[in-house]
Amino acid sequence: MEVKVGIVQSGREIVLESEETAAAVESAFAKAVADDGVLSLIDERGRKVLVPAARIAYLEIGQEHVRRVGFGAL
């Protein structure tokens, strides 16, 4: 699923593809904000992205998707 993190006072956002569930990402975000800590996300390739919770303007969580195999119409 795609996750977008908006950063305060920045025109850019961090965009990554994650294999985590939407609930797990939301929980990690809530914990980071409550503790005034760091949001830690891991993308599909295993890279870790760390963002200070105080600098997060918004978090956009895309829909979880299932990868389809083949060319048939379903």
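Residues numbered from 1 in each chain as written. Predicted model: local features only at pLDDT ≥ 70, side-chain atom pairs only at ≥ 80, totals over all residues. Heavy atoms only, no water.

1. Section: the overall build of the chain
Here's step 1: Counting secondary structure elements, the chain contains one helix and five strands.
Here's step 2: Starting at the N terminus, the α and β elements of the chain follow one another as β-β-α-β-β-β.
Here's step 3: Taken over 74 residues, the chain has a buried fraction of 20%.
Here's step 4: Across the chain, the fraction of contacts at a sequence separation of at least 24, relative to all contacts at a separation of at least 6, is 51%. (Helix = DSSP H or I, 4+ residues; strand = E, 2+ residues; numbered from the N terminus. Buried < 20%, exposed > 50% of the residue type's maximum accessible area, 1.4 Å probe, protein only. Contact = heavy atoms within 4.5 Å.)

2. Here we look at the nonpolar core
Here's step 1: Listed in full, the twelve residues of the largest apolar core are Met1, Val3, Val5, Leu16, Val25, Ala32, Leu39, Leu41, Val51, Ala53, Ile56 and Leu59.
Here's step 2: Breaking this core down by element, the ones donating at least two residues are β1 (2-7), α1 (22-35), β3 (38-42) and β5 (56-61).
Here's step 3: Not counting residues within four places of it along the chain, the set of residues in contact with Leu16 comprises Met1, Glu2, Val3, Leu41, Ile42, Asp43 and Val49. (Core = buried A, V, L, I, M, F, W, Y, C linked by side-chain atoms within 4.5 Å.)

3. Notes on the environment of Gln63
Here's step 1: Within the secondary structure layout, Gln63 lies in the segment after β5.
Here's step 2: Residues Gln63 and Ala22, 41 residues apart in the sequence, show an inter-C-alpha distance of 7.6 Å.

4. Comments concerning the pattern of salt bridges
Here's step 1: Counted under the stated rule, the structure contains three salt bridges.
Here's step 2: Here Glu13 and Lys4 are joined by a salt bridge, their closest N and O atoms 3.9 Å apart.
Here's step 3: Between Arg47 and Asp43 there is a salt bridge; the shortest N-O distance is 2.9 Å.
Here's step 4: Overall, Arg47 belongs to the partly exposed group, its relative accessible area being 48%.
Here's step 5: Under the relative-accessibility criterion, Asp43 is labelled buried at 12%. (Salt bridge = Lys/Arg side-chain N within 4 Å of Asp/Glu carboxyl O.)

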